[in-house]
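# Architecture and fold: a report
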Amino acid sequence: MRVLRLKCMTWNIHRAKGSDGQVDPGRIESAISQILAPAAPDILALQEADEECPPHGGILNIAQISKATGLAYAHQDAALRWGPDSGGFLGTILFLHNRFDQTHADVIDLPGHCHRGAVAVETLIDGRAVRVISTHLSLSQPLRIVQMRIIGQYLMRRPKMQTILLGDLNEWRPWGGAAFCKAIVGTSLKGPAKCTFPARWPILPLDRILTDAPGRVESVGVLDHPGIHAASDHRPLHALVTVP
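Residues numbered from 1 in each chain as written. Predicted model: local features only at pLDDT ≥ 70, side-chain atom pairs only at ≥ 80, totals over all residues. Heavy atoms only, no water.

## A look at the layout of surface pockets
Picture a little ball the size of a water molecule; that probe, rolled over the atoms, points out where space is still empty. If you add up the space inside the largest pocket, you get close to 570 Å³. Its residues assigned to classes, the lining of the largest pocket shows 8 nonpolar, 8 polar and 9 charged. Around the second largest pocket, the lining comprises 16 residues; the ones closest to its centre are Leu155, Lys160, Gly186, Thr187 and Asp212. For the lining of the second largest pocket, the secondary-structure elements that each account for two or more residues are α3 (141-157) and β8 (162-168). Here the lining of the second largest pocket takes 3 residues from α3, the largest share from any one element. Considering only residue class, the lining of the second largest pocket consists of 7 nonpolar, 5 polar and 4 charged. (1 Å grid on protein atoms, 1.4 Å probe; cavity = no way out; pocket = protein on both sides within 12 Å on 5 of 7 lines; lining within 4 Å. Points joined across faces, edges and corners; volume = space filled by probe spheres on them. Nonpolar A, V, L, I, M, F, W, Y, C, P; charged D, E, K, R; others polar. Helix = DSSP H or I, 4+ residues; strand = E, 2+ residues; numbered from the N terminus.)

Below is the structure:
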């Protein structure tokens, strides 16, 4: 059986607040259509993609993004959204290629000074079971450790399968932190670090794409374009994740 190489992308869109301080979802949608979509991702994760305060209403044209990318919106089930008017769960939105057969999905509440959460989707693709988790973790390392411990406890209750974790993990150290070690999560999540923040002159690798064995993360890169700088304070991160 040949090795799958899944094209993954993650982008914190900063609630569509651009470098000029203006909130303009149209710029995010244009950047996705013109810059991200041509790379043909299999997985696209967005963070800070709903309004910050309850009821966390949606700010994006989901149908337009699905059409531009050719990806399926993973939150058709209302249980995978914060509320009926939300695009995702606490700003986290997942889009998946239609080759993925979605077999199970959950939202995971995480503690923090701000509302935090994760979206976990279990899938089958070409006969392989793959779990995709997108999240936006805390700025505080102690809180990140607690948040990842909760995700680890969730994983212990679910069937064993390769897990891809992607999103704004707020880990600035290139070598990673205690939050992602096997002792906390129960599985060893690894992937190279590339600087994505701030968008104009990135110096911190806050956004990550990680996976556990038997897979690995390859060909990690950061998208750079004036349209991205104008639209958000993060750059999108992309990588290939192997699934043996």
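## Notes on the sheet that holds strand β11 (residues 237-243)
Sheet architecture is open: 6 strands sit in the order β3-β4-β2-β1-β11-β10, paired in mixed fashion. Looking at strand neighbours, the two that pair on one side only are β3 (72-73) and β10 (217-222), the edges of this open sheet. Running at roughly 155 degrees to strand β1 (residues 4-12), helix α1 (residues 25-36) makes contact with β1 and β2 (43-47) of the sheet. Packing of helix α2 (residues 62-69) onto the sheet brings it into contact with β2, β3 and β4 (93-96), and relative to β4 it is tilted by some 35 degrees. (Pairing = 2+ DSSP bridges. Contact = heavy atoms within 4.5 Å. Axes fitted to C-alpha atoms, helices over the stretch in contact; angles between N-to-C directions.)

## With respect to the pairing of strand β9 (residues 207-211)
With respect to burial, β9 is a largely interior element, 5 of its 5 residues being buried. Across the two faces of β9 the burial is the same, with Asp207, Ile209 and Thr211 and Arg208 and Leu210 all buried. Summarising the sheet, β8 and β9 pair through 5 bridges and their orientation is antiparallel. Paired with Ile164 across the bridge in β9 is Thr211. (Buried < 20%, exposed > 50% of the residue type's maximum accessible area, 1.4 Å probe, protein only.)

## Brief notes about the packing of α1 against α2
Across the interface, α1 lies against α2 with an axial gap of 9 Å and an inter-helix angle of 15 degrees. The orientation of α1 relative to α2 falls into the category roughly parallel. Crossing angle aside, the handedness with which α1 passes α2 is right-handed. On α2, the residues that touch Glu29, Ile32 and Ser33 of α1 are Gln64, Ile65, Ala68 and Thr69. Counted by class, the contact of α1 with α2 contains 3 nonpolar, 3 polar and 1 charged residues. (Parallel < 35°, antiparallel > 145°, perpendicular 65-115°, else oblique. Left-handed = near helix turned anticlockwise from the far one by under 90°.)

## Points about the sheet that holds strand β7 (residues 128-136)
Taking strand neighbours across the sheet as the criterion, the 5 strands line up as β5-β6-β7-β8-β9 in an open arrangement whose pairing is mixed. On the outer flanks of this sheet lie β5 (101-110) and β9, each paired with one strand and no other. Direction aside, the axes of adjacent strands within the sheet are offset by 15 degrees on average. Pairing of β7 with β8, which is carried by 7 bridges, proceeds in the parallel orientation. Each residue of the ladder has a partner; that of His136, found in β8, is Asp168. Sheet strands touched by α3: β5, β6 (116-125), β7 and β8. Its angle to β5, the strand with the most contacts, is close to 145 degrees.

## Topic: unusual backbone geometry
Put simply, Pro54 and Pro55 share a cis peptide bond, and its omega is 10 degrees. In this fold, Pro55 is placed in the loop between β2 and α2. In this chain, Phe197 is followed by Pro198 through a cis amide linkage whose omega measures -10 degrees. In this fold, Pro198 is placed in the loop between α4 (182-185) and β9. Phi is positive for His14, which is not a glycine, with a value near 55 degrees. Tracing the chain through its elements places His14 in the loop between β1 and α1. Judged by its relative accessible area of 24%, His14 is partly exposed. One non-glycine residue, Asp126, lies in positive phi territory at about 50 degrees. Looking at the secondary structure, you find Asp126 in the loop between β6 and β7. On the basis of relative accessibility, which here comes to 39%, the residue Asp126 falls in the partly exposed class.

That's the geometry; what it means functionally is another story.
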